[in-house]
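A look at the structure
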Amino acid sequence: MGKKSRVKTQKSGTGATAAVSPKEMMNLISELLQKCSSAAPSPGKEWEEYVQIRALVEKIRKKQKGMSVSFEGTREEFFSELMAWAAECGASCDGFEISNFADEGHGLKATRDIKAEELFLWIPRKMLMTVESAKNSVLGQLYSQDRILQAMGNVTLALHLLCERANPSSPWLPYIKTLPADYDTPLYFEEDEVRHLLATQAIQDVLSQYKNTARQYAYFYKVIHTHPNASKLPLKDAFTFDDYRWAVSSVMTRQNQIPTTDGSRVTLALIPLWDMCNHTNGLSIYAKMTKVFRFLSPQIYIFYGTRSNAEFVIHNGFFFEDNAHDRVKIKLGVSKSERLYAMKAEVLARAGIPASSIFALHCSEPPISAQLLAFLRVFCMTEEELRDYLVGDHAINKIFTLGNTEFPVSWENEIKLWTFLETRAALLLKTYKTSSEEDRSMLEKPDLSLHSRIAIKLRLAEKEILERAVYCGRAKRLHFQKQLDEGAPLPLYEESDIALLENADAKLPIILRKLEEEDERVEEEMSLAQIKPDAAALDSSKTPVLNGQCKDLNGTQEDPPGGDAVVKVIEVEKHDPSTKQTEGEPKDDGK
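Residues numbered from 1 in each chain as written. Predicted model: local features only at pLDDT ≥ 70, side-chain atom pairs only at ≥ 80, totals over all residues. Heavy atoms only, no water.

Under an unreviewed UniProt entry, the name given to the chain is protein-histidine N-methyltransferase, and the source organism is Sinocyclocheilus grahami. The UniProt entry for the chain carries the following comment under Subcellular location (unreviewed entry): "Cytoplasm". Under the UniProt heading Catalytic activity (unreviewed entry), the entry covering the chain gives this text: "L-histidyl-[protein] + S-adenosyl-L-methionine = N(tele)-methyl-L-histidyl-[protein] + S-adenosyl-L-homocysteine + H(+)". (UniProt positions renumbered as here; feature names shortened; annotations may be inferred.)

1. A look at the sheet that holds strand 4 (residues 129–130)
Here three strands make up an open sheet; going across it, the order is 4-6-5 and the pairing antiparallel. Every other strand in the sheet has two partners, leaving strand 4 and strand 5 (256–259) as the edge strands with one partner each. The sheet contact formed by strand 5 and strand 6 (residues 266–270) spans four bridges and is antiparallel. Bridge pairing links Asn 256 to Ala 269 in strand 6. (Pairing = 2+ DSSP bridges. Helix = DSSP H or I, 4+ residues; strand = E, 2+ residues; numbered from the N terminus.)

2. Overview of the nonpolar core
Judged by nonpolar contacts, the single largest core of 100 residues is most densely connected at Leu 32, Leu 159, Phe 220, Phe 239, Tyr 244 and Trp 246. Here this core gets 12 residues from one element, more than from any other, and that element is helix 10 (residues 203–226). Counting only domains with at least three residues in this core, you end up with domain 1 (54–316) and domain 2 (327–494). Apart from the residues lying within four places of it in its own chain, the contact partners of Leu 32 are Ile 53, Leu 56, Val 57, Ile 60, Ala 214 and Ala 218. Residues Val 328, Leu 332, Leu 361 and Leu 372 belong to the second largest nonpolar core, which totals 44 residues. (Core = buried A, V, L, I, M, F, W, Y, C linked by side-chain atoms within 4.5 Å. Buried < 20%, exposed > 50% of the residue type's maximum accessible area, 1.4 Å probe, protein only. Domains from an automatic or database assignment. Contact = heavy atoms within 4.5 Å.)

3. Notes on helix 12 (residues 309–316)
Counting buried residues in helix 12 gives eight out of eight residues, a clear majority hidden from the surface. Every buried residue of helix 12 is accounted for by Asn 309, Ala 310, Glu 311, Phe 312, Val 313, Ile 314, His 315 and Asn 316. Among the residues trailing helix 12, Gly 317 stands out with phi positive, at a value near 80 degrees.

4. A closer look at the pairing of strand 2 (residues 106–110)
Along any regular strand the residues' side chains alternate between the sheet's two faces. A large share of strand 2 lies buried, amounting to four of its five residues. Bridge count for strand 1 (residues 96–100) against strand 2 is five bridges, and the pairing is antiparallel. Note that in strand 2 the partner of Ile 98 across the bridge is Leu 108. In this structure, the hairpin formed by strand 1 and strand 2 is closed by a connection of five residues, where Ala 102 is found at a positive phi of approximately 55 degrees.

What follows is the structure, encoded as structure tokens:
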């Protein structure tokens, strides 16, 4: 998961070491670490900082050319070795094979009919690369003393992967050899390709991803070369930025959450064979190791989760053409200086909605969720309308109507909220430097690079969602203005209407919150988490979390070594193998 069908041939050996002294390299690493650990740039200076960090990284990469451990041959040549190793370990290898699906890259191809509820894919625990196996490996001694590794399982997995790749006797080599040589995550974009994302909502995460990865690399380079407990790691002579970028992308695009045996916690793992499945739309069903499988042509797909295309691009390295869950973020809040702030905040609190939060505009119709509808209704309420939802015998029950389209607060309130949405979306559209028509014209150019194409598609998708929100806001505004002009009676909520509010989209919880604490929580979620390392290990005050931490990935879990992981088919949809795939159908993220 994370790379298209492009594959580079890797050459054997460690390559020729660049003519650079350890002292010179350490000075460059220290400079990079200092640059990446400095205070966040002022608004509008993020791109300038990115260019400076990138220049340092490129200088380091140039001096490290030829130093990485690699394998002889293409990854396709190792697929048979992977299948043989899996069978030897006791995995189920019947009913599928690894195949190349052209534009979608490598994936799993069904070789027989597979019934719903049939046990289809069985992966023994010993095949999984997990945080637990990392602690029991050569990395364990460093793990026991490094707070960064202890706090971030994805960083641990990345270094675990690199250590095992450099170990000629690693039991995971048959798996590691089949991983892509590089990826299509933004970490691999050229500077001019990243420029296509300027003004998009994804740009901040892309720049932060690069900065955090560079900072982590510099930190662990110092640790590997200076920490006593790192002396036995097989990375001292070959730990390049390209190595770490590759390991980060491998983990970021393929990691799975798996539970412990007792189910008391979850941790991260890389699961051979399972991670060859590509993504398509579907339902996310979780029951231990359960996922939804779909057969299109005869390819086996799984559903990666309700990710936006920005998340797919940043964390998986692909743009999904037919993403039913695509969305753009919109930050909204009630000003604390507003006269009616206390009343609005209280109504929102009773509905379980913070007074300041990040919502989403969706590609679906309508473009807003029940929660956003409720927020906008409260945001636009008059003092009299607010009192109706705060006092009286039925005030509490009326909170449930806030997210239900059947029960407007008033025609005037509906007009206000849809006017606000229309205006806000239109303003967001004006922040882009190109129009949708210009983006479509650029996508027609045959010489456009893959990464540029991904970036422009993402930029265009954001605009199309905003354009749809503008259109919807205008249509709703005109509709409710007509209702008001014609004196249409307002639907009134009654106790008997409670049955209409039981659907999940409309129902809102009644949760009293401490608003200040809620606002602080939201602000924390809007910023990148930082973890302070031990002073002896790093002279910087901050170190980052690894970008692309498992959000809602492939829904797997971890047990202690010796357990078994089970992947079970819950729903199988089979289509005519002769059906031709169109551009809008599922895309591979990296097999």
